[in-house]
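Per-entry structural report
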Amino acid sequence: MNQLPAGGARAESPLHHADLARLAADAPTAGGVTLRELALRGHLILRGDRGNAAFTAACARVLGIGLPLQPLTSAEKGDIAARWLSPDEWLVTVPYEQAYALEKALRADAAGHFSVVNVSGGQTILMLSGPRAVDVLKKSTPLDLHPREFPVGKVAGSIFAKSSVLLRRTGDESWELVVRRSFADYLWLWLQDASREYGLIVSQ
């Protein structure tokens, strides 16, 4: 099903009510933590046999990147990123307007036993960066975030505050949190409080 709104309907992210654009315009210019929402992305859950070359090759052709086959890894090229979730499951995020076309292309091109599910409306992505971003994360999750144990590109699901997130390290001082729509507001409030002592910058 094409989830793009039709008839002039407006798509809104889970944090639309927080008016992050206004907060970004009024944000301080200095701080230890920067937060922004990567809103309105296409989220596709892929499931298939990693040993099925017809499936993995089709994913690589359609998406332009190969699925990460090693546990807790990710792959990224341009606006498309794939995250390992389990031995036969991946989360792929794509530009929102391309999600339906890519879903159809995967269904048409892949062979064997597989599934593609569009979960775009149920999740959003929060980006956390800055020299003190890791300190905010240490308050929130029991994961070992030392670069030796959590290098750039690693992805892991874990408890986060009293919720859960899929956490990916995207750079030395930058992190991605995939959060469920129903917990987005709670985690937004949590991150504001947890970042207070370091100085929070809301960015667009």
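No experiment lies behind these values; they were computed from the predicted model shown.

The relative placement of two aromatic rings is captured by the distance of their centres and the angle of their planes. Within the structure shown, the criterion is met by three aromatic pairs. For the pair Phe150 and Trp175, a centre-to-centre distance of 5.5 Å together with 55° between the ring planes defines the contact as tilted. Of this pair, Phe150 sits in the loop between helix 4 (133–140) and strand 8 (155–160) while Trp175 sits in strand 10 (residues 174–180), and the two are 25 residues apart along the sequence. Across this residue pair, the class does not change: Phe150 and Trp175 are buried. Here the aromatic cluster, defined as three or more aromatic residues joined through ring pairs, consists of Phe55, Trp90 and Phe114.

Both strand 3 (residues 74–77) and strand 4 (residues 80–86) contribute to a ladder of four bridges, which runs antiparallel. By the bridge assignment for strand 4, Lys77 is matched with Ile80.

Here the focus is the sheet that holds strand 2 (residues 41–48). Backbone hydrogen bonds are what pair the strands of a sheet, in a parallel or an antiparallel way. On the basis of which strands lie adjacent, the open sheet formed by five strands has the order 3-4-5-2-6 and antiparallel pairing. Every interior strand has two partners, whereas the edge strands, strand 3 and strand 6 (114–118), have only one. Neighbour-to-neighbour, the strand axes of this sheet turn through a mean angle of 20°, independent of strand direction. As paired elements, strand 2 and strand 6 share five bridges and run antiparallel to each other. Across the sheet, Ile45 pairs through a bridge with Val117, a residue of strand 6. Each of strand 2, strand 4, strand 5 (89–95) and strand 6 touches helix 2 (residues 53–63); the most contacted strand, strand 2, lies at about 165° to it. The sheet contacts of helix 3 (residues 99–109) involve strand 2, strand 4, strand 5 and strand 6, and relative to strand 6 the element is tilted by about 170°.

Reading the values: rules and limits
Residues numbered from 1 in each chain as written. Predicted model: local features only at pLDDT ≥ 70, side-chain atom pairs only at ≥ 80, totals over all residues. Heavy atoms only, no water. Phe/Tyr/Trp six-rings, centres within 6.5 Å; stacked < 30°, edge-to-face > 60°. Helix = DSSP H or I, 4+ residues; strand = E, 2+ residues; numbered from the N terminus. Buried < 20%, exposed > 50% of the residue type's maximum accessible area, 1.4 Å probe, protein only. Pairing = 2+ DSSP bridges. Axes fitted to C-alpha atoms, helices over the stretch in contact; angles between N-to-C directions. Contact = heavy atoms within 4.5 Å.

Everything listed is a geometric property; what it means functionally is a separate question.
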